[in-house]
Amino acid sequence: MFVPDLSHHARRLRDIADALEAHSEPTGDPLTPHPDTLAVIGNRHIKRGQLNYAVPDVLQLQRRIRRYNADQDIPHGDIVALALDTWLRAKGYPPDLNPPQAEAP
């Protein structure tokens, strides 16, 4: 009986798990923003883009974001960025904060 050698795949999976863990260090509170995200949010000179999605009105997200902004004085875009980044990191989708540089012509 032939048993395939899967050690290469196991090694690759360990490498991927290590890379994900390096990007997303768990904290005691799953809603604690990642330090890298806080650094990005704190940089007012970073390029920003518009994020437009249709969301269910019944969740009252716009009203809740406005209220949180009024209570905490955190800009609306930062609230959305922090929430989405935290959720995506928790699901295993950390950002690549060091994208490859474009080659000079």
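Note: the structure precedes this text.
Here's a quick rundown of the structure.

Rules used in this analysis
Residues numbered from 1 in each chain as written. Predicted model: local features only at pLDDT ≥ 70, side-chain atom pairs only at ≥ 80, totals over all residues. Heavy atoms only, no water. Helix = DSSP H or I, 4+ residues; strand = E, 2+ residues; numbered from the N terminus. Expected span 1.5 Å × (residues − 1). Polar contact = N/O pair within 3.5 Å; in protein donor to acceptor, adjacent residues only side chain to side chain. Contact = heavy atoms within 4.5 Å. Salt bridge = Lys/Arg side-chain N within 4 Å of Asp/Glu carboxyl O. Buried < 20%, exposed > 50% of the residue type's maximum accessible area, 1.4 Å probe, protein only. Axes fitted to C-alpha atoms, helices over the stretch in contact; angles between N-to-C directions. Parallel < 35°, antiparallel > 145°, perpendicular 65-115°, else oblique. Left-handed = near helix turned anticlockwise from the far one by under 90°.

Helix length check: helix H3 (residues 61–72) (12 residues) gives 16 Å between terminal C-alpha atoms against 16 Å at 1.5 Å per residue, within 8%. The positive-phi residue at the C-terminal boundary of H3 is Asp-73, with phi of around 60 degrees.

A separate point is the side chain of Thr-37. Here Thr-37 lies in helix H2 (residues 35–42). A polar side-chain atom of Thr-37 sits 2.4 Å from a polar atom in the side chain of Asp-85. Apart from residues lying up to four places away in sequence, Thr-37 is in contact with Leu-82, Asp-85 and Arg-89.

Quick look at the pattern of salt bridges now. In this structure the tally under the stated criterion is 3 salt bridges. Among the ionic pairs, Arg-48 bridges to Asp-78, the shortest N-O distance being 2.9 Å. Separated by 30 residues along the polypeptide, Arg-48 in the loop between H2 and H3 and Asp-78 in helix H4 (residues 76–90) bring together distant segments of the chain. Look at Asp-78 and you get buried, because its relative accessible area is 2%.

Right, let's talk about unusual backbone geometry for a bit. In this structure, Gln-60 is a non-glycine residue whose phi angle is positive, near 50 degrees. With respect to the helices and strands, the residue Gln-60 is situated in the loop between H2 and H3. Judged by relative accessible area, Gln-60 falls into the partly exposed class, the value being 38%.

All right, on to the packing of H3 against H4 then. Contact geometry for H3 and H4: axes closest at 9 Å, N-to-C directions at 110 degrees. Viewed along their axes, H3 and H4 adopt a mutual orientation that is roughly perpendicular. Between H3 and H4 the crossing geometry is right-handed. Together, Ile-65, Arg-66, Tyr-68 and Asn-69 of H3 and His-76, Ile-79 and Val-80 of H4 make up the contact between the two elements.

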